[in-house]
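# Structural overview
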Amino acid sequence: MSAIPPKEGWYYTKIAKEEKIWIGLALVVCLGLFATMILWHVYGKQNPSFTTYKTNVHEFNALYDAFVEKYKVGEEHGFAVVKPDPNTDVFMRAQIWRWEPVLILKKGESYRFHLASTDFLHGFSLQPINMNFMVYPNHDYVLTFTPTEAGEYKVICNEFCGVGHHLMVGKIVVEE
Amino acid sequence: MFRTCDITGFKVDRKVEPLIKANAVVAVVSLLLGVTGALLLVLTRWQVVHLLLPDWYYRMLTFHGLNALVFWIVFFEIAGLYFGSTIILNCKMSTPGVGWFAFILTILGFGLVNYAVLAGKADVLFTSYVPLRAEPVYYLGIILFAVGALIACFLFLANLKKAKQEKTYEGSLPLFTYGLLAACIIAILTIATGAIIYIPTLLWSLGYIKSLNPAMYKLVFWGFGHSSQQINVTAMISIWYLGAFLTVGGTSINEKVSRIAFMLYIIGINVASAHHILSDPGVGTEFKIFNTSYIMYIAVLASLIHAFAVPSAIESAQRRRGFTKGLFDWLINAPWGNPAFSAVLLGMLGFGFIGGVTGVINGMEQTNTIIHNTLSLPGHFKGTVVIGTTLTFMGAAYYIVPLVFRKKIAFFKLAQLQPWIFAGGVALLSSSMYILGAFGIPRRHYDITFTGSAFTHTFNPATDLFWVLFAIGGILAVTGALIWIIIIVVSVFFGKSLTGPQDMQLAVASPAPEAKEHKGLEAPGTLVLSILFMVVFLTFIALNYGWLTAMWEVK
Ligand code: HEM
Ligand SMILES: [Cu+2]
C-alpha cells in the first residue's frame, strides 16, 4: 500500500493475468523498437553517420578554403557560391552567424559533407525537409547526403550560439 | 515532539513541519518566477506580438528553464523527501539542524543563479554548453544548490535508517517511500555526475582550466541533466501511488511488480543520456543504439509497468467499492471533485499520451533527426515535466495544505477546476509545439522570419494556425498555474485554519474493501486503455519512420 506498509505476504502474491499480458506486450514492443533501429541501418536510407574526424580551426579553415577555391562559381550577398562535383567532399563551415558557402548540388548524386564549427556549437537544420544535426568545434562530422528532390533549401541554426543566432541562415540549391 | 494528526492518524514531528513548509514555499516562489518567464516567452515566440528584444528573450529562456525545471521541482522534491521519510513513517527528522543548513545552501544557490541570469552574467541557457561561458558566480550558484540538494538526499536516508532502528513502522517500507528511495538513489548518482561537470566548468570560467571539450561536456552534462528528469519521473510516480491510495484507497494490484519497476529505473536510466547526442558527431552507432535502446528501454519498460499499475490500482479499488458495471464505470464514478485526483489522473494521461509517445520518438536513433533541437523537443518535455510532474505536484499540494500547513483550501470551487485549465492549456501548448517542430520550427530561436539575415526561410503557412494554438495553450497554462499559486498562497498565508477532520475538503479514503471471490480480470478497463495507448504509440512511431523516407538520404 502506498502510504502504509504493504500487507504481510505481498511478495508472494500472484501477478494478475492482465498485468502479465501487459508486461509481455510492453516487453515485445520494447524489443521491437530496438530491432527497428538496427534494421533501419540495414534497410533504411536515413541514418545519422558515425564518422567523425578530429580537426581544429586552422586545419578545417584550410580545407574549407581549398574547397571553395576549387569549385567556386560566383557570389551572393557576400557568400561564395560553390558547385562541387558529385561524389566529392563538401566542406560547410559554421561560424557566428553564418553557414558557408552557398552550395549548388545535383539531385540524386551523393556528396560527402564535412560539417564543423570554428567557434560554438551550432545546429545544422536543413529546411524545409527538416533534417537536424549538431555541429561542434574541433569535430569534423561527415555526413553523406543524397538530395532526392530539386529545389531551394535553407540551412538554419537551431543550437543557441549567441544573440545573433537567429540570423544564421545558409542556402543549398539542388538542380535536376 | 510529536503531534498526532487527527485526520490521518500519523504521528507528525513538529520539527520537520517548518522544514517542509520552507522548502514548499520557495518551490512556489520559483514556479511563480518560471511562469512569469513562460508568459514572456510565449508572447515573444508568437511573432504576432514578438514582445522581447533578442538578449532578453535568451535571458528569459535561461531564467524560465532554471526556475521551472530546476528550482520549482527540486525544492518541492526536497519537501517531499522529508515528508515521505518522517510523517509517513511516524518518525522524527534525524537532524533538523542539518536540514536548515541544506536549506540555506539551496537558497544561496537559488539567489546567486537568478542574480547572475538577470544581471546578464549567464546568457548561456540552462544547458550552458561550452564554449559558451557564464561568469563564475553562475556555476558557483549551481554548485551550492546541488550540494544543498545532496545533503537533503542524505538526510532522507538518515531518516529511513532512524525509522528502521526505532521500528516506527512495521514490515516493508510503504510504496510511496520506497519510490522516493529510488528517486533519492538516482538523485545521489545524478548530483555526483553534476559535480563531475560543473566543477571543471567553474574552474574554466575562473581561468584555471584552459579549455574544455564541448562533446565531453555535453555528454556528461546530460548524464546529469537527463538523470535529473528521471528523479522527477520517479518522484511523480511515487505521488501517483500515494494519490491512488489517498483518493480512492487503491493499492497496487501487485506490490512486487511496482517495486521491481522502481528498481528498473535505478538500473536503467543513468546511462540513457546518450539520447541527447543522437544527432551529434563523436559517438559511434553502437554506443548510441546500446544506450538508447537496450538500456533506455529498461526505463521505458518500467514506465509502461507503472502506467498500468497505477490506474489498475484505482480501478480495482473502485470495483471493490461497487462500481463494477461495464469497462469504465469505475472511471466515470471516480472522485473527480477532488482536485488532487483529477490532477493525478490528467497528469498521468498527459504524461503517457503526450510525453511518453513523443519521448520514445525522440529517443530513437533515426527519428531523432526529425525533432532534434526543433520546437518539438520542448513540446515533448512540456508533456513530461509540466503536464506530468508539475501537475502531479500541484495535486499533491492540495493535500499538503490541509495536512501539513493545517489550512483549508481557499477558493475550493476554483481549485476543482484548476487541474483541468492547466492540463488543457499544457496539452494544447505541448502538442502545438510538437507539430510546429515537425514543420522545422527551431527551439531557442528569437526570430523565425530571420529579419536582417542575408538569406531567409519561410515556413509552411500552416504553421500560422499552430502558432495561434500555441499562444492560446500557453496563456491558458499560465492562467492555470497562476490560479494554483494564488490558491496556495491565499490558503497558506491568509486562509482559515483547519480545526479537525470536519474541515477537510478532500477525502482521505479508507483502504478499499477486500475483494470478494472474483472471477475474470481485476482491471479490464485499464487493460483496454493501455492497449489503446499502445496503438497510438506505435502509430506515431510508424508515421515518423514514414516521414523519414521522404527526406534526403543520409549515411
Ligand atoms: C506554465 C506554463 C508554461 C509555459 C506557457 C511554458 C512555455 C515555454 C516556452 C514558450 C518555452 C520556449 C521554447 C523556445 O523558445 O525554445 C519554454 C521552454 C522551456 N520550458 Fe516552459 N512553459 C511553462 C511551464 C514550464 C514548467 C512548469 C517547466 C518545468 C517544470 C518548464 C520547463 C521548460 C524548459 C526546461 C524549457 C527549455 C528552456 C531552454 O530551451 O533552454 N516550463 N517553455
Ligand atoms: Cu549557430
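Since we're looking at a predicted model, the values are computed, not measured.

### A look at a nonpolar patch on the surface
Residues and elements named next belong to chain B. Together, L32, F411, L414, L417, L482 and I486 make up an exposed nonpolar region whose accessible area comes to about 510 Å². If you list the elements that add at least two residues to the nonpolar patch, you get α14 (412-438) and α15 (462-494). In this structure, L417 sits in helix α14. What makes L417 partly exposed here is its relative accessible area of 46%.

### Here we look at the coordination of the iron atom of ligand 1
All names here are of chain B. Here the iron atom of ligand 1 is held by H64 (NE2) and K382 (NZ), and the distances to it run 1.4 to 2.0 Å. Note that the iron atom of ligand 1 binds six donor atoms; their angles at the metal cover 83 to 178°, and the shape is octahedral. Within this pair, whereas H64 is found in helix α2 (residues 54-85), its partner K382 is found in helix α13 (residues 376-403), the two being separated by 318 residues in sequence. As far as burial versus exposure is concerned, H64 and K382 are alike and both buried.

### Thoughts on the coordination of the copper ion (ligand 2)
All names here are of chain A. Coordination of the copper ion (ligand 2) by the protein involves H122 (ND1), C157 (SG), C161 (SG) and M168 (SD), with metal-donor separations of 2.0 to 2.6 Å. Each of the four donor atoms bound to the copper ion (ligand 2) contributes to angles spanning 93 to 124°, and the resulting shape is tetrahedral. Mapped onto the sequence, the donors of the copper ion (ligand 2) take the spacing H-x34-C-x3-C-x6-M. Judged by its relative accessible area of 0%, M168 is buried.

### Here's the deal with the site of ligand 1
Residue and element names in this part refer to chain B. Neighbouring residues of ligand 1: 24 residues in total, closest Y57, H64, K382, R443 and R444. Interatomic distance of 2.8 Å between a side-chain N/O atom of H64 and a nitrogen atom of ligand 1. Contact distances for ligand 1 include 2.9 Å between an oxygen atom and a side-chain N or O atom of R443. For the shell around ligand 1, the secondary structure elements donating two or more residues are α1 (16-45), α2, α13, α14 and α15.

### What to know about the interface of chain B and chain A
Counting residues at the interface gives 105 residues for chain B and 84 residues for chain A. Regarding the contact of chain B and chain A, the summed buried area is about 8300 Å², with carbon and sulfur atoms giving 70% of it. At the surface where chain B touches chain A, the tally comes to one salt bridge. Salt-bridge contacts for B:R444 lead to A:E159; the nearest nitrogen and oxygen are separated by 3.4 Å. Seen at the junction of chain B and chain A, the total is 28 residue pairs in polar contact (both at pLDDT 80 or more). It is helix α16 (residues 524-549) of chain B that provides the largest number of residues to the side of chain B that touches chain A, a total of 12 residues. Here the side of chain B that touches chain A is built from residues that sort into 63 nonpolar, 26 polar and 16 charged.

### Some thoughts on the environment of B:F393
Residues and elements named next belong to chain B. Mapping F393 onto the fold places it in helix α13. On the basis of relative accessibility, which here comes to 1%, the residue F393 falls in the buried class. The spatial distance from the C-alpha of F393 to the C-alpha of G194 is 24 Å, given a sequence separation of 199 residues. Contact partners of F393, with chain neighbours within four places excluded, come to W72, I73, F76, E77, A235, M236 and I239.

### Re the pattern of salt bridges
Scanning all chains against the criterion turns up 16 salt bridges over all chains. The closest approach of N and O atoms between B:R259 and B:E255, which form a salt bridge, is 2.9 Å. In this pair, B:R259 and B:E255 are both assigned in helix α7 (residues 255-269), four residues apart and thus about one turn of the helix distant. Residue class for B:R259 comes out buried when judged on its relative accessible area of 5%. Within the structure, one salt-bridge network assembled from shared partners comprises A:R93, A:R98 and A:E100.

### Quick look at the sheet that holds strand β3 (residues 79-82) of chain A
Residues and elements named next belong to chain A. Spatially, β2-β3-β6-β12-β11-β8-β9 is the arrangement adopted by the seven strands of the open sheet, whose pairing is mixed. One side of each edge strand has no neighbouring strand; the edge strands of this open sheet are β2 (72-76) and β9 (131-135). Averaged over all neighbouring strand pairs, the angle between strand axes comes to 25°, with direction disregarded. Pairing analysis gives four bridges linking β2 to β3, with the strands arranged antiparallel. Bridging from a neighbouring strand, E75 pairs with A80 of β3.

What counts, and at which threshold
Residues numbered from 1 in each chain as written. Chains lettered and ligands numbered in written order. Predicted model: local features only at pLDDT ≥ 70, side-chain atom pairs only at ≥ 80, totals over all residues. Heavy atoms only, no water. Patch = residues over 30% accessible without salt bridge, like charges linked within 9 Å, V, L, I, M, F, W, Y side chains within 5 Å. Areas by Shrake-Rupley, 256 points an atom, 1.4 Å probe, with all protein chains shown as cover. Salt bridge = Lys/Arg side-chain N within 4 Å of Asp/Glu carboxyl O. Helix = DSSP H or I, 4+ residues; strand = E, 2+ residues; numbered from the N terminus. Buried < 20%, exposed > 50% of the residue type's maximum accessible area, 1.4 Å probe, protein only. Donors = N, O, S within 2.8 Å, 3.2 Å for Na, K, Ca; no water. Tetrahedral: all angles 85-135°; square planar, octahedral: opposite > 155°, others 65-115°. Near = heavy atom within 4 Å. Polar contact = N/O pair within 3.5 Å; in protein donor to acceptor, adjacent residues only side chain to side chain. Contact = heavy atoms within 4.5 Å. Buried area = accessible area lost by both parts, 1.4 Å probe. Nonpolar A, V, L, I, M, F, W, Y, C, P; charged D, E, K, R; others polar. Pairing = 2+ DSSP bridges. Axes fitted to C-alpha atoms, helices over the stretch in contact; angles between N-to-C directions.

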